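# Examining the three-dimensional arrangement
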Amino acid sequence: HQNFKGSRGKEMADAAKKEGDEAFKAKDFATAIKHYTTAIEQNAINGTSAKHVLLSNRSACYASLQQYDKALEDAKACIVADAQFAKGWSRKGGAMYGLGDYAGAAQAYKKCLEKDANNPCKADLERVEAILARGGGGGGGHGSSSRPSATRPTPSATYAPPPFPGGGASSSSPIKGHKAMQLLIVVVQMAAIGCAVAFGMIPDRALGRVFFQRVVVAALAGFVLHAVLVHGLPGLGLIKTMYRALRGTAEHSELQGISRVAMDLNTHNAFYCSLLMSSAPSLILLIPVILHSAVSLASKMTALVADMGPLKAIAAPILGQITSRNAQITAWAAQSEVTIFFVTIAQLLTPSRNFILVILYGQLLRVRYLVSADSKTAWGNLCSRTDGIFLHARSPTIVQGAYNKLKGYVVGLGNPQPKP
């Protein structure tokens, strides 16, 4: 009986693996994930495929669906299962690339090449290093660039969406005069931070509003220029693609290109700055703008002073204090974004209420939650605190029930389920 169960389980695991491979080749990644999950579960005691291979394949599926958080989880599990498996490190690099952690992606790709010097991720490493050299950043948040460019006909290849449609350059292609562009971004970001400091120190409300608007405009310019630096200037091809998208005739690859720019952190920050133009001046509203600008500014200044011996010696220690804390700073920014949401809700009870701002900012946070690991962590921390308050043993049952319903609704907004 035990032999029969083991044989049957082995057949189920191997069959699920085969069906997952077929679904992957057909680019039905959601179905492939289901089959690979079945194979992984059965593989604990059955099956002939090594578990790390299955985890690698499922990570590739998640990356193809741009679910980079889950892709990273599987990549890490793959490495734990077999640290010598080169593709596991390649999967980790691709997932971190998708999340915008370029420095982490570079480290993972280097690990992959240590295990397999001929792995195709060598080209991906070169592109990541080119982005870092242009000041593309390496913080722990969702980033803004094209994915690695290698093709991926099978589960073992590297994920490769097409470049931005109609763009003058992708994030992996050289941009003419990019040092001048970086210098321009540095200037406007320094202006934004300087005006923010002045805004916090000026007691006069009328003059404070002027400096608040200056912060917003300078920061908006910095984020837009950074997006152009990474993606290139959009051309007529973008307009044509958007027209086809509205008509429902655009190719999937074209939609991926638009989606990549729409999910870019710089795009999110630029949209947030546009919302601030119609809001009442408040220092707390500027916190995420200043934190993201500081991370970007430090990264670009590090790249600019790299070839300036004396200046580099002076600036490097100061800039290093910021760049070494990129992940922590972006996490603070995510926490501030959540706090600001509740501040804008509270403002609905005041004469300065702005319903449109709350609705649009809520939609922005929803997108941020879907693509940013830091945003997920920030909301998770908030959820843990509110659970401790409303689900306390002494909390009335009716309060617990109402809280669970509200929590379920909010969680559903951030984790939309596909229709059957």
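Residues numbered from 1 in each chain as written. Predicted model: local features only at pLDDT ≥ 70, side-chain atom pairs only at ≥ 80, totals over all residues. Heavy atoms only, no water.

### Re the packing of aromatic side chains
Tallying each qualifying case throughout the model produces nine aromatic pairs. Considering the side-chain rings of phenylalanine 199 and phenylalanine 212, the 5.5 Å spacing of their centres and the 55° angle between planes classify their relative orientation as tilted. Linking phenylalanine 199 in helix H8 (residues 178-201) with phenylalanine 212 in helix H9 (residues 205-231), this pair joins segments that are 13 residues apart in sequence. You can call phenylalanine 199 buried: its relative accessible area is 12%. (Phe/Tyr/Trp six-rings, centres within 6.5 Å; stacked < 30°, edge-to-face > 60°. Helix = DSSP H or I, 4+ residues; strand = E, 2+ residues; numbered from the N terminus. Buried < 20%, exposed > 50% of the residue type's maximum accessible area, 1.4 Å probe, protein only.)

### Examining a nonpolar patch on the surface
A surface patch of nonpolar side chains, amounting to about 450 Å² of accessible area, comprises Ile389, Phe390, Leu391, Ile398 and Val399. Contributing elements (two or more residues each) for the nonpolar patch: helix H17 (373-390) and helix H18 (397-414). Here isoleucine 389 shows up in helix H17. Using a relative accessible area of 59% as the deciding quantity, one classes isoleucine 389 as exposed. (Patch = residues over 30% accessible without salt bridge, like charges linked within 9 Å, V, L, I, M, F, W, Y side chains within 5 Å. Areas by Shrake-Rupley, 256 points an atom, 1.4 Å probe, with all protein chains shown as cover. Salt bridge = Lys/Arg side-chain N within 4 Å of Asp/Glu carboxyl O.)

### A word on H9
Given a rise of 1.5 Å per residue, 27 residues ought to cover 39 Å, and the 39 Å separating the end C-alpha atoms of H9 matches this to within 8%. Its side-chain oxygen at 3.4 Å from the backbone nitrogen of alanine 206, aspartate 204 defines the N-terminal cap of H9. Just downstream of H9, glycine 232 is the residue with a positive phi angle, here 90°. (Expected span 1.5 Å × (residues − 1). Polar contact = N/O pair within 3.5 Å; in protein donor to acceptor, adjacent residues only side chain to side chain.)

### A word on the packing of helix H6 (residues 102-115) against helix H7 (residues 121-133)
Packed helices, taken two at a time, are described by the angle between their axes plus the distance between the axes. At a minimum axis separation of 9 Å, H6 and H7 run at an interaxial angle of 150°. As far as their axial angle goes, H7 and H6 are roughly antiparallel. Note that H6 runs across H7; the crossing there is left-handed. For the pair formed by H6 and H7, the contact residues are Tyr102, Ala103, Ala105, Ala106, Tyr109, Lys110, Cys112 and Leu113 on the first element and Cys121, Lys122, Asp124, Leu125, Val128, Glu129, Ile131 and Leu132 on the second. Residues belonging to the contact of H6 with H7 are distributed by class as follows: twelve nonpolar, no polar and four charged. (Axes fitted to C-alpha atoms, helices over the stretch in contact; angles between N-to-C directions. Parallel < 35°, antiparallel > 145°, perpendicular 65-115°, else oblique. Left-handed = near helix turned anticlockwise from the far one by under 90°. Contact = heavy atoms within 4.5 Å. Nonpolar A, V, L, I, M, F, W, Y, C, P; charged D, E, K, R; others polar.)

### A short note on the side chain of threonine 344
Along the chain, threonine 344 turns up in helix H15 (residues 326-346). Residue threonine 344 is classed as buried on the basis of its relative accessible area of 3%. Within the local environment of threonine 344, its side chain forms a polar contact with the backbone oxygen of phenylalanine 341, the two atoms lying 2.6 Å apart. Look past the residues within four positions of threonine 344 in its chain and what remains in contact with it is Leu357, Val358 and Tyr361.

### Details of the environment of glutamate 73
Tracing the backbone through its elements, the reader meets glutamate 73 in helix H4 (residues 68-81). When the C-alpha atoms of glutamate 73 and leucine 55 are compared, they prove to be 9.3 Å apart, with 18 residues separating the residues in sequence.

### Structural notes on the confidence of the model for the protein chain
On average, residues of the protein chain score 78 in pLDDT, and 82% of them are at 70 or above. The spread of mean pLDDT over the elements of the protein chain runs between helix H1 (residues 2-25), the lowest at 70, and helix H12 (residues 265-276), the highest at 91. Considering only residues more than four positions removed or in separate chains, one finds that residues 137-177, a stretch of pLDDT under 50, has 154 contacts. (pLDDT = per-residue confidence, 0-100.)

### What to know about the side chain of histidine 268
Relative to the assigned elements, histidine 268 resides in helix H12. Given a relative accessible area of 5%, histidine 268 falls into the buried group. Here histidine 268 is in contact with Ala262, Met263, Leu364, Val367, Arg368 and Val371, once residues within four sequence places are set aside.

### What to know about the pattern of salt bridges
For the coordinates displayed, the defined rule picks out six salt bridges. Between aspartate 74 and arginine 58 there is a salt bridge whose closest N-O contact spans 2.6 Å. Of this pair, aspartate 74 sits in helix H4 while arginine 58 sits in helix H3 (residues 51-64), placing them 16 residues apart in sequence. A relative accessible area of 13% means that arginine 58 is categorised as buried. Among the salt bridges present, the one from lysine 376 reaches aspartate 69, with a minimum N-O distance of 3.0 Å. Of the two residues, lysine 376 is situated in helix H17 and aspartate 69 in helix H4; the sequence distance between them amounts to 307 residues.

### Let's talk about the environment of asparagine 326
As for its placement among the helices and strands, asparagine 326 is situated in helix H15. Between the C-alpha atoms of asparagine 326 and serine 296, which are 30 residues apart in sequence, the distance is 9.2 Å.

### What about the nonpolar core?
Within soluble globular proteins, side chains that are nonpolar tend to cluster in buried spots. Core analysis: the biggest nonpolar cluster contains 37 residues, and Phe24, Cys61, Tyr97, Tyr109 and Val128 have the highest contact counts within it. Where this core is concerned, the elements lending two or more residues are H1, helix H2 (29-43), H3, H4, helix H5 (86-98), H6 and H7. Membership of the second largest hydrophobic core comes to 33 residues, among which are Ala219, Phe223, Ile290 and Val358. (Core = buried A, V, L, I, M, F, W, Y, C linked by side-chain atoms within 4.5 Å.)

### With respect to the environment of methionine 301
Inspection of the secondary structure puts methionine 301 in helix H13 (residues 287-304). A relative accessible area of 24% means that methionine 301 is categorised as partly exposed. Along the chain, methionine 301 and leucine 183 lie 118 residues apart, while their C-alpha atoms are 8.1 Å from each other. Setting aside its immediate chain neighbours within four residues, methionine 301 contacts Val186 and Leu319.

### Re unusual backbone geometry
In this structure, lysine 27 takes a positive phi of about 65° despite not being glycine. Topologically, lysine 27 is positioned in the loop between H1 and H2. The exposure class of lysine 27 is exposed, given its relative accessible area of 65%.

### Looking at H5
Counted at 1.5 Å a residue, the expected span for H5 with its 13 residues is 18 Å, and the 19 Å between its end C-alpha atoms agrees. When H5 is considered as a whole, its buried residues turn out to be Ala86, Gly88, Trp89, Ser90, Arg91, Lys92, Gly93, Gly94, Ala95, Met96, Tyr97 and Gly98. After H5 finishes, the residue glycine 100 shows a positive phi value of roughly 90°.

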